[in-house]
Amino acid sequence: MHWNRTLACALLASVPVLIAAAPEAKTPLVHKTKYIMGTVYEIAVYDDQPLRASQAIDKAFAEIVRLDAVMSNFKPQSDLSRLNRNAHYHAEKVPADLYRVIEESVRYSKVSGGKFDISVGPLVDLWKAALWGERVPTEAEQLKLRECVGYKKIELIPPDRVEFHSPCMQIDLGSIGKGYAVDRAVEILRANGIVNALVDAGQSTIYGMGAPPRKSAWEVHLRDPSNHIDPQVMLRENSVSTSEQTPASLVGIETAGHIIDPDNGKPLKTKYALSIVAKTGTASDALSTTLLLVGPTKGKAIVKSLADAAAIWISAEGETETATTGPQIRLGDKPQQEAEGGE
Amino acid sequence: MRIWKEIACTLFLVAVTAPAVTAKVYVKWTQSTAPSATVLGVSDLVIPWDDAAKGLVEAGKKQKYRVFLEVKLEEGPAAAQAASTAGIAGIILKGEASEANQVEERASKLRSAYPKLQILVLSAGGRQPELRGWLVFKKDGILQVSSPTSQPWLDANLAMIRHERAFQNGRTPLYTFSWDRSDEMVKARGPSAADYSLAVAEAGAFHADLLLELHQRQQKGLASGDKDALANWNEVKRTIEFYERENPGATEAAARVGVLTNDYDSSYEAINLMARHNIPYRVLRSADVKARDLEGFELVIAFARPSEELTANLREFAERGGIAVLVNVPGAYPWDSSAPANTTAHTVSYTVGKGRVIELGEAVTDPETFARDVRRLMAKERIPVSLWNSLTTLVTTYPGQKPGEVIVELVNYAEEATQVQVQVRGNFGAVAVESPERGCCQALKAAQVDGFTEFVVPDVLIGARVHLQGPTASSALAEAKPKP
């Protein structure tokens, strides 16, 4: 065992030398951005055939546009808007993608004991004015809307029907939809022969396929509110998502954050930003909100119940909490085990 | 009633000082042959001042262009001398941002020495306008900093234009930028027609002149009459024609926020994010600000230490109900003698008369949050223009030249047809939109709500201009027939 560890260290140490000695990579990079779902999607592809890469990216973007037409709650004609209008009255038939995302959402609601909840939308809307330093909703207003919230009031009727058991329930897929779209985009890229790509949904979810030329994985630097921890992950066939409450005003205006705790119906108060590595974009996107809401103590237990996951909570003061069942989150140049004494 | 008085006052103040606006596009040319001015749709060609310049100048003149030379600061005198005897229209002086004062000084001397030559100054700091991603490419890998609560990252030149207008004595800023060529497809084929059009629309909408760099492939295609290149360029030409027409808006945009600064660096990041949040501000050179310059603002942000006179003016401004924010300029101020109304980790706030003074004790470390704060500090009912669900669109309002007319310029950095919901302060009876693609003008349905006019522009592709006229004004715009 000791020998193996020494050998491994020697091999790792030799990697930079081999990289340095290698000739300049010639693989072309094709990088495109597109504004969809209220955010900027980016896809970067390294491929010997730039035209093929460009076309594959366009197809992946087209898939995300299609999903936006299914899952948008801003577009009145979307399938989700139709569901929100009708599912109080009867079990509404929905497209397979929408059914799958709601099914996944309910699964994460169960995992998190209800902290992750796609039905929290009405409360988010209620707090929007307070986000801009305006009126804080009254307790009565909050109480009234809390009756509209609760994942247990969503009934999934296989294979494709959904019914709400609350007259005022509204689903919002903002905390999982982008991750799902990333996974579908990855499928499209693979189907079009792309092996090495990075798919980014507006910073909230990033998926790494393969690796850039002469690298073993995609190096991703994570959100660091302290500005001196510099957490990094190496993505290869997995995804990372980040969640953070809206920063406090710099000039002392009382404001609310955009992430609402379904337990008390109020904006979450937390000192942490949270990043989670998981196997899929859907998983990391959903878990990022969940783990921010539950905090590190309960969050570590959730991470340990998952395969191939890792999470890091970082405060503005530089406090960190980590948990992993595989992927390594490096802190600056130090792997997390050294920084944290192993988790 | 008070709202209308304020609007009228703002419109009057700007309109009386504002000549008609045009935004020019200069095309930079580096090929030995040039297409005709009719093909390019511009009248001014800019040739870099180097060994090949002589031949290129002749090629440009042959095609009836007004030819300019683009020269470095130190080459100015030699280039001006050569230009004055070679039938060249003018020279464009360029320098680093740190050389801004020397460039202005040199330009002034050359204008005196060569009165028949146009001496233009190229602003430093222009950037390719685009909707950017967050990925940063480095040594074949990717360096990524995640910030999930941020808005879409727009690289825009609006803050730079406003800054340059203040620091060039009101002259129309002229700027350029280099295209990002990190993408292999862009490197090989050049920017798309939409990319060129966005650059033209941005400069036009914000009332600046643009020196547009053309990719070699595009230049060669245009010079040789290549069908694809011509078709591609015709889209750009349409945008140039739209923004080069005389614009009914005043030079300066309507503003509710004054930014007082003496240099670019201390304020740039903050005002760049304020521009991206569509905050209506005007930059003023702090050293020159008089009390009357603060009239019409509800909020003033000082990035430079105010003089004694300016401090007194800021105090008066606050006493009348304004909010003054002092950013990282510690000192002994008259309001310090009273007890702070509020103290946080970063700020001390004082009540001064009917208003407030907020001292931020450090530089703006988070421009996104600062811009949100500025928006929160503004009285909602006084914001001249707001957009909904259009995070990729920048908007500015200008007083029009007709009484009661307001012009709204929209620029969509996503380069895709987007439905834009707009709310403009004031009650307007006629609302009409024009754009490079659709010409002039399409009447829009509008609703008057609580002193605002609300309407939807159905498809802003890159740029659009909305004309609003007061309830008693002629509705000629709305009745105007579409361009054939």
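This section reports on the structure supplied with the text. The numbers attached to residues start from 1 for each chain and follow its sequence in the written order. Each chain is given a letter, starting from A, and each ligand a number, starting from 1, according to the order in which they appear as written. Under the rules for a predicted model, residues below a pLDDT of 70 receive no local features and side-chain atom pairs below 80 are neither given nor counted, while totals for whole chains, interfaces and linings still include all residues. With hydrogens and water stripped out, all remaining heavy atoms of the structure feed into the side-chain values.

This next bit is on empty space enclosed by the protein. All names here are of chain B. Residues are said to line a cavity or pocket when one of their atoms sits within 4 Å of a point; the points come from a 1 Å grid over protein atoms alone, cavities being sets where a 1.4 Å probe fits but cannot get out and pockets being open sets with protein on both sides within 12 Å along at least five of seven lines. Grid points are joined across faces, edges and corners, and a volume is the space filled by probe spheres set on the points. Applying the stated criterion across every chain, the model contains four cavities of 30 Å³ or more. Considered as a void within the structure, the second largest cavity measures approximately 90 Å³ in volume. Taken together, Leu158, Ile161, Arg162, Arg165, Phe206, Thr251, Glu252, Ala253, Tyr281, Arg282 and Tyr398 make up the full set of residues lining the second largest cavity. Elements are defined by DSSP. Helices are runs of H or I of four residues or more, strands are runs of E of two residues or more, and each kind is numbered from the N terminus. No other element matches the four residues that helix 6 (residues 158–167) contributes to the lining of the second largest cavity. Class assignment of the residues belonging to the lining of the second largest cavity gives a composition of six nonpolar, one polar and four charged. Under the convention adopted here, Pro, Cys and the residues Ala, Val, Leu, Ile, Met, Phe, Trp and Tyr are nonpolar, Asp, Glu, Lys and Arg are charged, and Gly plus all remaining residues are polar.

The subject of this paragraph is the state of the cysteines. Cysteine sulfur pairs qualify as disulfides if the two atoms are within 2.5 Å. Enumeration according to the criterion identifies two disulfides over all chains in this entry. Sulfur-sulfur distance for the disulfide between Cys148 of chain A and Cys168 of chain A comes to 2.1 Å. Taking the sign of the torsion about the S-S bond as the criterion, the disulfide between Cys148 of chain A and Cys168 of chain A, at about -105 degrees, is left-handed. Here Cys168 of chain A lies in the loop between strand 5 (161–164) and helix 8 (177–191) and Cys148 of chain A lies in the loop between helix 7 (139–146) and strand 4 (154–157), a separation of 20 residues in the sequence. Any residue under 20% of the maximum accessible area for its type is buried, any over 50% is exposed, and the rest in between are partly exposed; the area is computed with a 1.4 Å probe on protein chains only. Classification of Cys148 of chain A by relative accessible area gives buried; the value is 3%. For Cys168 of chain A, a relative accessible area of 30% translates into the label partly exposed. Covalently, Cys440 of chain B is tied to Cys441 of chain B through a disulfide, its sulfur atoms 1.8 Å apart. Sign of the S-S torsion, about -75 degrees for the bond between Cys440 of chain B and Cys441 of chain B, identifies this disulfide as left-handed. On the accessibility criterion, Cys440 of chain B (24% relative accessible area) is partly exposed.

Here the aromatic set is Phe, Tyr and Trp, taking the six-membered ring for Trp, and pairing holds for ring centres within 6.5 Å; pairs whose planes are under 30 degrees apart are stacked, those over 60 apart are edge-to-face, and all others are tilted. All told, the structure shown has ten aromatic pairs over all chains when counted by the stated rule. Centroid distance Tyr108 of chain A to Phe116 of chain A: 6.4 Å. Interplanar angle 75 degrees. Geometry classified as edge-to-face. Given a relative accessible area of 1%, Phe116 of chain A falls into the buried group. Three or more aromatic residues joined by ring pairs make a cluster, and in this case those are Phe177, Trp179, Tyr196 and Trp233 of chain B. The rule for a charge over a ring is simple: NZ of Lys or CZ of Arg within 6 Å of the ring centre, and within 35 degrees of the ring normal. Residue placement shows Arg107 of chain A over the ring face of Tyr108 of chain A; its charged tip is 4.8 Å from the ring centre. Here Arg132 of chain B stacks its cationic end above the ring of Trp153 of chain B, 4.1 Å away from the centre of that ring.

A few words now on the packing of helix 8 (residues 193–205) of chain B against helix 10 (residues 227–244) of chain B. For any two helices packed against each other, one specifies the inter-axial angle together with the distance between the axes. Residues and elements named next belong to chain B. At a minimum axis distance of 9 Å, the contact between helix 8 and helix 10 shows a crossing angle of 5 degrees. Of the possible angle classes, the one that applies to helix 8 and helix 10 is roughly parallel. Side by side, helix 8 and helix 10 meet where Ala193, Tyr196, Ser197, Val200, Ala201, Gly204 and Ala205 of the first sit next to Asn232, Trp233, Glu235, Val236, Thr239, Ile240 and Tyr243 of the second. Looking at side-chain class alone, the contact of helix 8 with helix 10 contains nine nonpolar, four polar and one charged residues. Axis angles are defined between N-to-C directions and span 0 to 180 degrees, where every axis is a line fitted to C-alpha atoms and, for a helix, only to the segment in contact. Any angle between 65 and 115 degrees counts as roughly perpendicular, while under 35 counts as roughly parallel, over 145 as roughly antiparallel, and the rest as oblique. Residue contacts are defined here by distance: any two heavy atoms, one from each residue, within 4.5 Å place the two residues in contact.

Residue and element names in this part refer to chain B. Helices are assigned an expected span. That span is 1.5 Å times one less than the residue count. End to end, helix 10 covers 25 Å across 18 residues, agreeing with the expected 26 Å (1.5 Å per residue, within 8%). Bend, in this description, refers to the angle at a residue between axes fitted to the seven residues ending there and the seven starting there. Along its length, helix 10 reaches its greatest deviation from straightness, about 25 degrees, at Asn234. Taken together, the buried positions of helix 10 are occupied by Ala229, Trp233, Val236, Lys237, Thr239, Ile240, Phe242 and Tyr243. Counting of polar contacts relies on pairs of N or O atoms within 3.5 Å, with two restrictions inside protein: one atom must be capable of donating a hydrogen and the other of accepting it, and residues adjacent in sequence are counted only when both atoms are side-chain atoms. Measuring from the side-chain oxygen of the N-cap residue of helix 10 to the backbone nitrogen of Asp228 gives 3.2 Å; that N-cap residue is Asp226.

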